Amino acid sequence: MKIAIGSDHTGVYHKNLIIEYLNNKGYNMIDFGSYSSERKVDYPDFIHPTVNSVENEESLYGIIICGSGNGAAMTANKHPNIRAALVWKKEIASLARKHNDANILSLPARFLNKERDVLEIVDIFLNTDFQGGRHKKRIEKISIYK
């Protein structure tokens with residue numbers, strides 16, 4: 001399974017942690033940067049290419065990271081057929097997939113300090129199926145693009 005990942009400077013540590021973890025589990029990771037924790041970058045420069053990989057079906061899911069997770073999620077959700085979920089708890093990761101069929105996981109680097117929590121959230125997100133049913137009808141109402 002191909003997973004796209006991108007972050008700004010605040011998310012580089014988490015990004016590298018996730019890449020190593022998922023590579024060891026057999027996932028094929030596509031890293032869109034940033035590659036440095038220096039404050040010389042803007043999150044949209046790395047989020048758009050990451051999301052494009054999911055939008056163009058080159059990757060099944062995307063993981064995006066910035067300081068609060070909000071800017072990354074807002075950027076991602078500008079793309080058609082993208083449902084980026086801001087997740088900081090395991091339960092939200094599960095519901096984002098079960099009820100919202102989220103295809104992008106947005107993580108707030110400044111609010112996820114425990115490595116174990118980050119990796120558990122990623123595992124839950126990648127291994128939880130969309131429930132469909134009444135939720136499918138709701139998902140179909142999200143997009144304004146025709």
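Position labels on residues start from 1 in each chain and follow its written sequence. Thresholds applied to this predicted model are a pLDDT of at least 70 for local features of residues and 80 or more for the giving and counting of side-chain atom pairs; totals over whole chains, interfaces and linings are not thresholded and use all residues. Side-chain measures here rest on the full set of heavy atoms in the structure, leaving out hydrogens and waters.

(A) Focus on helix α5 (residues 115-127). Between the first and last C-alpha of α5 there are 18 Å, a value that for 13 residues agrees with the 18 Å anticipated at 1.5 Å per step. Three exposure classes are used, based on accessible area relative to the maximum for each residue type with a 1.4 Å probe and protein chains only: buried under 20%, partly exposed in between, and exposed over 50%. Strands here mean DSSP runs of E at least two residues long; helices mean DSSP runs of H or I at least four residues long; both are numbered from the N terminus. Taken residue by residue, α5 has V118, L119, I121, V122, D123, F125 and L126 as its buried positions. Every residue pair with non-hydrogen atoms within 4.5 Å of one another is taken to be in contact. Buried residues along α5 sit in contact with β1 (2-7), α1 (12-24), β3 (61-66), α4 (90-98) and β5 (104-108). A helix is expected to span 1.5 Å for every residue after the first.

(B) Structural view of the packing of α4 against α5. Here α4 crosses α5 at 20°, and the two axes come no closer than 8 Å. Comparing their axes, α5 and α4 come out roughly parallel. Relative to α5, the crossing made by α4 is right-handed. Together, K90, A93, S94 and R97 of α4 and E120, I121, I124 and F125 of α5 make up the contact between the two elements. Each residue is assigned to one class: nonpolar for Ala, Val, Leu, Ile, Met, Phe, Trp, Tyr, Cys and Pro, charged for Asp, Glu, Lys and Arg, and polar for all the others, Gly among them. Grouping the amino acids of the contact of α4 with α5 by side-chain chemistry returns 4 nonpolar, 1 polar and 3 charged. Axis angles are defined between N-to-C directions and span 0 to 180 degrees, where every axis is a line fitted to C-alpha atoms and, for a helix, only to the segment in contact. To sort the angles, those under 35 degrees are grouped as roughly parallel, those over 145 as roughly antiparallel, those from 65 to 115 as roughly perpendicular, and the leftovers as oblique. When the near helix sits turned anticlockwise from the far one by under a right angle, the crossing is termed left-handed; a clockwise turn instead gives a right-handed crossing.

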